[in-house]
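Spelled out, the chains give:
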Amino acid sequence: MPTFPLESSTTAVAASPSSALPDAFVGDALTIDLHMHSTASDGALEPHALLALCAERGLSHMALTDHDTLDGVAEAQRAGARQGIAVLAATELSSQWRGLNIHVVGLLPHGAQGTLVAGLESQGRARDARAEAIAKRLEKVGLTDALAKAQARTGGQRALGRPDFAHVMVAEGMVPDLSTAFAKYLGNGKIGDVKSHWPYLSEVVQWVLDAGGVAVLAHPLRYGLTRRKRGLLLDDFCAAGGQAAEIVSGFQNGDVTRDLARQLDERGLLASLGSDFHFPGGHLAPGSMSVVPRTAVAPVWTHSRLASWREAAVAMA
């Protein structure tokens, strides 16, 4: 398994797991990553292989946040038990807010319960319908047999997402890389961005709360919003019952992170963090992300709903 050296601006993952998570962000290295993907959605590694990489990277705590599914969690938790890593059940849920595709990470210490069970089933159906709509749109701009090619790439084992179509576009020579595929065809507001199948943000947050989980606004800096509009998103998220937001997602500018921390502090939101890791060989690796600046915002793992997972993790270490 290859290793992934960290840049000097990132957190440095410890050589051995920490016995406890800190109660505050103090700028120190953390061995936690609460946003990663496996082959259960659009990641490249099977859950057990992802956990092996997490162990190599020195992680002690992680959440598997595959899109609109918990299918990989049981395998990840079994592998985590072997590796000495506390794996939190989680999922990254798609929603819509004011015409934008907004993601909510549900941290789920009790797994899928209540309305979330039916919600995940409806998300699966929505993903299938959305994939067909995306394929039809991309065929209009020259990607022939888009749905069949995307299904062939994944083996037809899971619901398709925009990254699957992006990979096909690269393979077909339509674009040079995944970033260009999103910039030209699949990003917010582009022809392949289909939102109509997703539930509203408030409904998705309620699914997470009903399951006894913690609702986290995923990567709030990635939606291309002005500071004022980001504040409106955070306000609506809070009004729906949201409890936290990702203060760091992969690599980002420190000044912008500090400004986001102020917005979270003003609203009493907790702070989560994650690499949003998808595949080896890219610029991200499990546990690799920008350092969280000193802030009064408390870490999401201090929430009372995550106490059992956090205490179990301490007992394992």
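Since the structure is predicted, the reported quantities are computational estimates derived from the model, not experimental observations.

Novice: Just to check I follow, could you spell out the pattern of salt bridges for this structure?
Specialist: A side chain of one charge can pair with a side chain of the opposite charge when the charged atoms of the two come close. Inspection of every chain in the model, using the stated rule, returns 13 salt bridges. As a salt-bridge pair, Arg 127 and Asp 68 come within 2.6 Å of each other at their nearest N and O atoms. Taken as a pair, Arg 127 in helix 3 (residues 115–140) and Asp 68 in the loop between strand 2 (61–64) and helix 2 (73–83) lie far apart in primary sequence, 59 residues in all. For the residue pair Arg 127 and Asp 68, the accessibility class agrees, reading buried in each case. For Arg 162, the salt bridge goes to Asp 193, with nearest N and O atoms at 3.6 Å. Of this pair, Arg 162 sits in helix 5 (residues 162–171) while Asp 193 sits in the loop between helix 6 (178–186) and helix 7 (201–210); the two residues are 31 residues apart in sequence, bridging distant segments of the chain. In this structure, a network of salt bridges that share partners links the residues Arg 227, Arg 230, Asp 259 and Arg 262.

Novice: Teacher, can you tell me more about the nonpolar core here?
Specialist: As a rule of thumb, soluble globular proteins bury nonpolar side chains together. Ranked by size, the top nonpolar core spans 74 residues in total, and within it Leu 107, Leu 264, Val 300 and Trp 301 carry the most contacts. Looking at which element gives the most residues to this core, the answer is strand 3 (residues 86–97), with seven residues. With residues near it in sequence (within four places) discarded, Leu 264 still touches Leu 234, Ala 245, Ile 247, Leu 269, Leu 270, Ala 271 and Val 297. Of all hydrophobic cores here, the second largest spans 17 residues; its members include Leu 143, Ala 166, Val 175 and Leu 186.

Novice: Sorry if this is basic, but what is going on with the side chain of Gln 263 here?
Specialist: Looking at where Gln 263 falls in the secondary structure, it is placed in helix 9 (residues 254–267). Using a relative accessible area of 1% as the deciding quantity, one classes Gln 263 as buried. At a separation of 2.8 Å, a polar atom in the side chain of Gln 263 contacts the side chain of Arg 230. Apart from the residues within four sequence positions on either side, Gln 263 is in contact with Arg 227, Arg 230, Gly 231 and Leu 234.

Novice: Explain unusual backbone geometry to me, please; I cannot follow it from the model alone.
Specialist: Among all residues save glycine, negative phi is the norm, and among peptide bonds the norm is trans. Even without being glycine, Arg 98 reaches a positive phi, approximately 50°. Secondary-structure assignment places Arg 98 in the loop between strand 3 and strand 4 (100–107). Although it is not a glycine, His 219 adopts a positive phi angle of roughly 25°. Along the polypeptide, His 219 turns up in the loop between strand 5 (214–217) and helix 8 (227–239).

Novice: When you look at the environment of Ala 218 in this model, what are you seeing that I'm missing?
Specialist: With respect to the helices and strands, the residue Ala 218 is situated in the loop between strand 5 and helix 8. Its relative accessible area of 0% is what places Ala 218 among the buried residues. Residues Ala 218 and Ala 244, spaced 26 residues apart in sequence, show a C-alpha to C-alpha distance of 9.0 Å. Not counting chain neighbours up to four residues away, the residues in contact with Ala 218 comprise His 35, Glu 92, His 103, Val 104, Val 105, Tyr 223 and Glu 246.

Novice: I keep staring at the sheet that holds strand 1 (residues 32–36) and nothing clicks. Help me out?
Specialist: Where strands meet in a sheet, backbone hydrogen bonds hold them as pairs that are either parallel or antiparallel. Spatially, the seven strands line up as an open sheet ordered 1-2-3-4-5-6-7, and their pairing is mixed. In the strand order of this sheet, the two ends are held by strand 1 and strand 7 (270–274), each with one partner. On average, each strand axis in the sheet is inclined to that of its neighbour by 35°, with strand direction left out of account. Bridge count between strand 1 and strand 2: three bridges; the pairing is parallel. The partner of Met 36 across the bridge, within strand 2, is Leu 64. Across the face of the sheet, helix 7 comes into contact with strand 3, strand 4 and strand 5 while running at roughly 160° to strand 3.

Novice: For this particular structure, what's the right way to read helix 6?
Specialist: Working note: α-helix, 3.6 residues per turn, so residues spaced by three or four point in the same direction. Considered for burial, the residues of helix 6 that qualify are Thr 180, Ala 181, Tyr 185 and Leu 186. Taken down its axis, helix 6 places every buried residue within 150° of arc, on the same side. Buried positions along helix 6 lie against helix 3 and helix 5. Taking the backbone nitrogen of Ser 179 as reference, a side-chain oxygen 3.3 Å away marks Asp 177 as the first, capping residue of helix 6.

Novice: Help me out: how do you make sense of the side chain of Ser 272 in this one?
Specialist: Of note, Ser 272 is situated in strand 7. When its relative accessible area of 1% is taken as the criterion, Ser 272 is described as buried. Apart from residues lying up to four places away in sequence, Ser 272 is in contact with Leu 34, Val 216, Ala 245, Glu 246, Ile 247, Val 248 and Val 300.

Basis of the calculations
Residues numbered from 1 in each chain as written. Predicted model: local features only at pLDDT ≥ 70, side-chain atom pairs only at ≥ 80, totals over all residues. Heavy atoms only, no water. Salt bridge = Lys/Arg side-chain N within 4 Å of Asp/Glu carboxyl O. Helix = DSSP H or I, 4+ residues; strand = E, 2+ residues; numbered from the N terminus. Buried < 20%, exposed > 50% of the residue type's maximum accessible area, 1.4 Å probe, protein only. Core = buried A, V, L, I, M, F, W, Y, C linked by side-chain atoms within 4.5 Å. Contact = heavy atoms within 4.5 Å. Polar contact = N/O pair within 3.5 Å; in protein donor to acceptor, adjacent residues only side chain to side chain. Pairing = 2+ DSSP bridges. Axes fitted to C-alpha atoms, helices over the stretch in contact; angles between N-to-C directions. Arc of directions from axis to C-beta.

That is the geometry; function is a separate question.
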